[in-house]
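Structural characterization, general
Here is how the chains run, residue by residue.
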Amino acid sequence: MKSKNYETTLPEGYKEAMHINAKDLKVGIILNLIALIPIVIFMIAAVLLMLLPSYEADTEFDYGGIIIFGILYIVYIVLHELTHGAAYKILTHEKLTFGLTPTVAFCGVPHIYTYRKAALIAICAPFAIFNVVFGALTAVMYFSNTWLYIISALLFSVHFGGCIGDLWLMLLLNTKFKDNDTLMRDTGPEQFIYVKE
């Protein structure tokens, strides 16, 4: 049975063009090291904004902020993967797989082959949604409370850094594999990209 967003079996005439395995320790380490770059950049920018003459700092340190950040970060990871899942579910109505490995949290639809456009929507969804959420939250907190501002800026930073794998896939699907007939099988921690021979 064919849907406009996916195939249940790999059609004839397709070959595997790329295999990405985030469970591979080397790939996981590389992606996590690259993720540190936007985290550091965004946090430096957040601190520099606090140096503006118009900024009124709330100097009392709130130790509860560390606990709040930890809880919100775990909640965010779950929501990030659920957002991938919601997009996949809406587009395919197929069974989802969720999990966590030492190198990656994941959501996938391992039993189908999604077309490029559907795969892009599912991959982009958390990045787009949480950029708006954390961007707005950070802006509001900037004018409210120093420590909540730092927590929200840190959440925005780790969100952006945590999307490095998604951003890499988006880049691949928008450059190297931009043919709309491209198919992807997403097991969660692994993506297999197929193109017509």
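Look above for the structure.
Residue positions within a chain follow its written sequence, with the count starting from 1. Predicted model: local features are reported for residues with pLDDT of at least 70 only, side-chain atom pairs are reported and counted for 80 or more only, and whole-chain, interface and lining totals are derived from all residues. Side-chain descriptors were evaluated using all non-hydrogen atoms of the structure, hydrogens and water having been removed beforehand.

Some remarks on the side chain of Thr138
Helix and strand definitions follow DSSP, with helices as H or I runs of at least four residues and strands as E runs of at least two, each counted in order from the N terminus. Structurally, Thr138 is set in helix α3 (residues 116-142). Of note is the side chain of Thr138, whose polar atom sits 3.2 Å from the backbone oxygen of Ser152. Residue contacts follow a heavy-atom distance rule, with two residues in contact if any of their heavy atoms lie within 4.5 Å. Sequence-distant contacts of Thr138, defined by excluding residues within four places in its chain, comprise Tyr149, Ser152, Ala153 and Phe156. Polar contacts, as used here, are pairs of N or O atoms within 3.5 Å; protein pairs need one atom able to donate a hydrogen and one able to accept it. Residues neighboring in sequence count only if both atoms are side-chain atoms.

Things to note about the packing of helix α2 (residues 64-92) against α3
A pair of packed helices is captured by two measures, namely the crossing angle of their axes and the spacing between those axes. The angle between two axes is taken between their N-to-C directions and runs from 0 to 180 degrees, where each axis is a line fitted to C-alpha atoms and a helix contributes only its stretch in contact. Contact geometry of α2 with α3 gives a least axis separation of 8 Å together with a crossing angle of 140°. Between α2 and α3, the interaxial angle falls into the category oblique. The element α2 and its partner α3 pack so that their crossing is right-handed. Seen from α2, the contacting residues are Tyr76, Leu79, His80, Thr83, His84, Ala87, Tyr88 and Leu91; seen from α3, they are Ala118, Ile121, Ala122, Ile123, Ala125, Pro126, Ile129, Phe130 and Phe134. Residue type decides the class: Asp, Glu, Lys and Arg count as charged, Ala, Val, Leu, Ile, Met, Phe, Trp, Tyr, Cys and Pro as nonpolar, and the leftover types, Gly among them, as polar. Residues that form the contact of α2 with α3 fall into these classes: 14 nonpolar, three polar and no charged. In these notes the angle categories are as follows: under 35 degrees is roughly parallel, over 145 is roughly antiparallel, 65 to 115 is roughly perpendicular, and the rest is oblique. In this scheme, a crossing is called left-handed if the near helix is turned counterclockwise away from the far one by less than a right angle; it is called right-handed if the turn is clockwise.

Some thoughts on unusual backbone geometry
Among all residues except glycine, the phi angle is most often negative; among peptide bonds, the trans geometry is most common. Even without a glycine there, the phi angle at His93 is positive, about 60°. Here His93 lies in the loop between α2 and β3 (97-100). The class of His93 is exposed, set by a relative accessible area of 63%. Think of it in three bands: residues with accessible area under 20% of the maximum for their type are buried, residues over 50% are exposed, and the middle band is partly exposed, with areas taken using a 1.4 Å probe on protein chains only.

Remarks on helix α4 (residues 146-162)
For a helix, the expected span equals 1.5 Å multiplied by the number of residues minus one. Between the first and last C-alpha of α4 there are 24 Å, a value that for 17 residues agrees with the 24 Å anticipated at 1.5 Å per step. Within α4, twelve of the 17 residues are buried, which leaves it mostly tucked inside the rest of the structure. Taken together, the buried positions of α4 are Thr146, Tyr149, Ile151, Ser152, Ala153, Leu155, Phe156, Ser157, Val158, His159, Phe160 and Gly161. Among the structural elements, α1 (25-50), α2, α3 and α5 (164-174) are those in contact with the buried residues of α4. For α4, the side-chain oxygen to backbone nitrogen distance between the N-cap and Trp147 is 2.9 Å, and the N-cap itself is Asn145.

Overview of the environment of Asp181
Relative to the helices and strands, Asp181 resides in the loop between α5 and β5 (183-186). For Asp181, a relative accessible area of 30% corresponds to the partly exposed category. When the C-alpha positions of Asp181 and Lys117 are compared, they lie 9.1 Å apart, and in sequence the two are 64 residues distant. Non-local contacts of Asp181, meaning those with residues more than four positions away in its chain, are made with Tyr14, Tyr115 and Lys196.

Topic: the packing of α3 against α4
Axis separation between α3 and α4 bottoms out at 8 Å; the angle between their running directions is 160°. Here α3 lies roughly antiparallel to α4, going by the angle between them. For the element pair α3 and α4, the recorded crossing hand is left-handed. On the side of α3, the interface is formed by Pro126, Phe127, Phe130, Asn131, Phe134, Gly135, Leu137, Thr138, Met141 and Tyr142, while α4 contributes Leu148, Tyr149, Ser152, Ala153, Leu155, Phe156, His159 and Phe160. Class assignment of the residues belonging to the contact of α3 with α4 gives a composition of 13 nonpolar, five polar and no charged.

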